[in-house]
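# Descriptive analysis of the structure
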Amino acid sequence: MNRRTLAVVSAGLSQPSSTRLLADQLAAATRDALAGRGEAVDVHPVDLREHAHDVVNHLLTGFPSESLRATLDTVTGADGLIAVTPIFNASYNGLFKSFFDLVDAEALADRPVLVAATGGTARHSLALEHALRPLFVYLHAVVVPTAVFAAPEDWSGGAADGALRRRIDRAAAELAEQIHRRPVSTGPADPFALTTSFEDLLGRADG
């Protein structure tokens with residue numbers, strides 16, 4: 001049995017947070033879907049509000065703290081990623097964008113990603129397609145077809161209800177399938193690793 005890692009990034013600012021609640025429900029559904037495919041999974045939740053000061057300091061100085069570096073490695077080294085943000089002014093919030101501004105442009109290449117969001121009205125769901133999906137396409141990730149949006153009326157006693165539950169299950173199945181199809185991740189890429197031989201660098205390769 002393969003053992004997978006799933007990073008779950010939540011950009012909710014309040015506690016309790018409906019954004020974190022949606023992230024947890026997506027993670028649980030993905031774990032179940034992977035288990036159905038014979039895959040074990042370690043889920044790594046990332047609450048960005050806990051790293052907000054470190055994110056700003058990194059943007060200002062160019063150097064991450066030890067804890068932020070470990071968090072970035074968790075996200076870029078996982079087999080799959082769930083990314084959930086509240087929608088502010090028709091787009092992801094500033095903390096979400098600032099965190100992913102720190103992710104190297106190639107670090108998520110070919111990585112399966114499920115995008116999701118919360119907002120006060122269903123009209124904000126359009127942000128999934130005009131803001132979140134393009135962000136991860138730019139980062140060369142593989143974004144699963146189904147995105148998930150949750151408005152306040154979608155929750156029933158703190159649980160996903162009706163259409164939201166069906167959408168969570170469908171998106172989780174798509175993410176699990178993408179993860180299952182790929183080799184087990186070996187962790188984040190080494191930024192200092194040589195990807196070209198010395199011969200090629202010196203122009204001495206045969207050919």
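Described in the following lines is the structure provided in the data block. (Residues numbered from 1 in each chain as written. Predicted model: local features only at pLDDT ≥ 70, side-chain atom pairs only at ≥ 80, totals over all residues. Heavy atoms only, no water.)

### Some points on the pattern of salt bridges
Applying the stated rule across the entire model yields 11 salt bridges. With its nearest N and O atoms 3.1 Å apart, the salt bridge here joins Arg4 to Glu39. Taken together, the residues span a long stretch of sequence, with Arg4 in strand S1 (residues 3–10) and Glu39 in the loop between helix H1 (18–35) and strand S2 (40–47) at a distance of 35 residues. When sorted by exposure, Arg4 lands in the same class as Glu39, which is buried. Judged by relative accessible area, Arg4 falls into the buried class, the value being 1%. Connected through shared salt-bridge partners, Arg4, Glu39 and Asp79 make up one network. (Salt bridge = Lys/Arg side-chain N within 4 Å of Asp/Glu carboxyl O. Helix = DSSP H or I, 4+ residues; strand = E, 2+ residues; numbered from the N terminus. Buried < 20%, exposed > 50% of the residue type's maximum accessible area, 1.4 Å probe, protein only.)

### Quick word on the packing of aromatic side chains
Following the criterion strictly, the structure yields five aromatic pairs and no others. When the ring of Phe96 is compared with that of Phe136, the centres are 6.3 Å apart and the planes differ by 75 degrees; the resulting orientation is edge-to-face. Of the two residues, Phe96 is situated in helix H4 (residues 94–101) and Phe136 in helix H5 (residues 127–138); the sequence distance between them amounts to 40 residues. Each member of the pair Phe96 and Phe136 is classed as buried. (Phe/Tyr/Trp six-rings, centres within 6.5 Å; stacked < 30°, edge-to-face > 60°.)

### Concerning the side chain of Thr118
Considering the arrangement of structural elements, one finds Thr118 in strand S5 (residues 112–118). The exposure class of Thr118 is buried, given its relative accessible area of 4%. Each residue touching Thr118, except ones within four places of it in the same chain, is listed here: Ser18, Thr19, Leu22, Thr85, Pro86, Ile87, Phe149 and Ala150. (Contact = heavy atoms within 4.5 Å.)

### Notes on the environment of Pro145
Relative to the assigned elements, Pro145 resides in the loop between strand S6 (142–143) and strand S7 (148–150). Classification of Pro145 by relative accessible area gives exposed; the value is 63%. Measuring from C-alpha to C-alpha, the distance between Pro145 and Arg170 comes to 9.5 Å, with 25 residues separating the pair along the chain. Dropping the residues within four chain positions of it, Pro145 is found in contact with Arg133 and Glu174.

### Notes on the packing of helix H2 (residues 52–61) against helix H3 (residues 66–77)
Close contact between H2 and H3 brings their axes to 9 Å; oriented N to C, the two are set at 95 degrees. The orientation of H2 with respect to H3, classified from their angle, is roughly perpendicular. Residues Asp54, Val55 and His58 of H2 touch H3, and the partners they reach there are Ser67, Leu68 and Leu72. (Axes fitted to C-alpha atoms, helices over the stretch in contact; angles between N-to-C directions. Parallel < 35°, antiparallel > 145°, perpendicular 65-115°, else oblique.)

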